[in-house]
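# Descriptive analysis of the structure
Here's the letter readout for the chains.
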Amino acid sequence: MSELPTELVPLTDEQRAVVDLARSFATDEIRPRARAVDEADVETPWDLWHKAAKVGITGFMLPEEYGGGGFTDVFTQCLVQEELCVGDLGIGNLLCSNGFFADPVLALGTEEQKRAWLTPLTGSDTPMTSLATTEPGSGSDAASITTTATRVDGGYRLDGQKAWISNAGEAELYVVFAKTDPTQRSRGVSAFLLRKNTEGVTFGEPMRKMGQRAIVCREVFFSDAFVPEENRLGDEGQGFVGLMRTFDISRAVLGAAATGVARAAYEYARDYARTRVQFGKPIIEHQAVAFRLADMRTRIEQARLMTWRAARRLDAGLDATAEAAMAKLTASETAAYCTWAAVQTLGGWGYSREFPVEQWMRDAKLEEIEEGTSDIMRLVISRSL
C-alpha cells in the first residue's frame, strides 16, 4: 500500500504512529479476512473487533480524559479511516463506529454522561455501539422521524421503529433519536441514551445487503420502552442540532473511507495492468488503460484534499456543512468510479469473485447512499450558494 501524501501537511510523531498502526492493521489483519467476512454476509467479525480494541483502534478517536486515544480532531480520524478502508471498506467503517456514537454524546452530553457512556468504550474489551436515526419512512430527511418519546414520571416512553441501523442487535449501547414534540419537525427531535437490554426494545433479523457486509444492519422496534430522564442528551428539542453536527463529522470521515476504497481499487488495478500482457505488451502501456488509471489517481487526490479541507474547517470550529457534503459527494462518487474502473481494467477477472475488486464495487455503492444520498449532498451544497 502506498503512503498518504502528507508532505504539505506535516504530522506529529503521535499522528504518524496511529496512521502506521492503522496501515499495518489493514495489511496484516483486515485484508486477509475481508473475503471471508463478505461471504459470511450477516455475521459481525468479532475477532477483528477484539483485535482492533486491544491495539486501541476502536477508541483512538475518544478523548484522553475518558481513556481514549485522544485523537479527537477530525483530520487525524480521516487519516486513520482512509488507511483502514484501504484494507476493507465495511470492516474499516465498523472498527471506527464507536466514534459515530460518541459524537452526539460529546456534543450534547453532560460530564456525568460522557464519563458513564464513553469510558467503557476505551478498554481492550470495548462494547459495540450504534446510532439509531433512520426509519422506514425517513432516510435522509431526519427531521421527519416518527418514533416518539412521551414524557412520563421519571423519564420517557419510546414507541416506534428504526430501519437500516448499523450494529443493531450487536451493539450494547445506543443513541436513539425520537420526537418529544411530534407537531414539530427538527425542533421536536430529542436524543436519548439506551442500553440493548432495555425492556420494550426488540430487533429484526439481519438485513441481507449488497455490500459492506461486515456491518450487520437490523430494524429496531420500540414498544413502551422506558428511558430515564438522565439519559436524555441535552434539552428537549436539541437532538437535531447534535445530529447535524454528527453528520458534518461523519460525512467528512466517510469521505476518507470512500477515498480509501478508491485507493485500494486504483492500486490493485495499476499493479494488475503492469503485469497483464495483451497484444504483446503490458496493458498499462495501452492508452485507454493508462488514461483510465490517470483518471482514477486524479479523482482520488481531489477527494482526499476536499476531505482534508472539510476536516480542517471542523477542527478550526468553522462552519463546514457544505464542505463536508462536498467531500462526501466527491469521495463517494470517486469510489464508485474507481471500483468500476478496477473491474473494467481486470476485464473478466474483475467480474470474478476470485479477485477483490467486484466486492469493492459493491461496497462502494453504499457511500453514495448512507449519511445522506448524493442527491441530498447536492441539495445541502446548493443551500450555501
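Refer to the structure above for everything that follows.
What comes next concerns the included structure.

## What to know about the packing of aromatic side chains
Scanning all chains against the criterion turns up 7 aromatic pairs. Judged by centre distance (5.7 Å) and plane angle (40 degrees), the ring pair of Tyr-337 and Trp-340 falls under tilted. With Tyr-337 and Trp-340 both in helix 9 (residues 321-346), this residue pair falls 3 residues apart, about one helical turn. Judged by relative accessible area, Trp-340 falls into the partly exposed class, the value being 36%. Through a chain of ring-to-ring contacts, the aromatic side chains of Tyr-268, Trp-349, Phe-355 and Trp-360 assemble into a single cluster. The cationic tip of Arg-195 hangs over the ring face of Trp-117; the distance from NZ or CZ to the ring centre is 4.4 Å.

## Quick notes on the layout of surface pockets
Any empty space left between the atoms is revealed when a probe the size of a water molecule rolls over them. Approximately 870 Å³ is the volume found for the largest pocket. Thr-134, Trp-164, Ser-166, Glu-370 and Glu-371 are the residues nearest the centre of the largest pocket, which is lined by 33 residues in total. If you list the elements that add at least two residues to the lining of the largest pocket, you get helix 5 (97-108), strand 1 (129-132), strand 3 (155-166), helix 7 (239-275) and helix 10 (357-365). Broken down by element, the residue count for the lining of the largest pocket peaks at 4 residues, all from helix 7. Tallied by class, the residues present in the lining of the largest pocket amount to 13 nonpolar, 14 polar and 6 charged. Quantified by volume, the second largest pocket comes out at close to 440 Å³. Together, 19 residues line the second largest pocket, and Phe-240, Met-244, Arg-251, Val-380 and Arg-383 are the ones closest to its centre. Secondary-structure elements contributing two or more residues to the lining of the second largest pocket are helix 7, helix 9 and helix 11 (374-382). Looking at which element gives the most residues to the lining of the second largest pocket, the answer is helix 7, with 5 residues. In terms of residue class, the lining of the second largest pocket is made up of 9 nonpolar, 4 polar and 6 charged.

So, how was this worked out
Residues numbered from 1 in each chain as written. Predicted model: local features only at pLDDT ≥ 70, side-chain atom pairs only at ≥ 80, totals over all residues. Heavy atoms only, no water. Phe/Tyr/Trp six-rings, centres within 6.5 Å; stacked < 30°, edge-to-face > 60°. Helix = DSSP H or I, 4+ residues; strand = E, 2+ residues; numbered from the N terminus. Buried < 20%, exposed > 50% of the residue type's maximum accessible area, 1.4 Å probe, protein only. Lys NZ or Arg CZ within 6 Å of the ring centre and 35° of its normal. 1 Å grid on protein atoms, 1.4 Å probe; cavity = no way out; pocket = protein on both sides within 12 Å on 5 of 7 lines; lining within 4 Å. Points joined across faces, edges and corners; volume = space filled by probe spheres on them. Nonpolar A, V, L, I, M, F, W, Y, C, P; charged D, E, K, R; others polar.

Everything listed here is a matter of geometry and, on its own, says nothing about what the molecule does.
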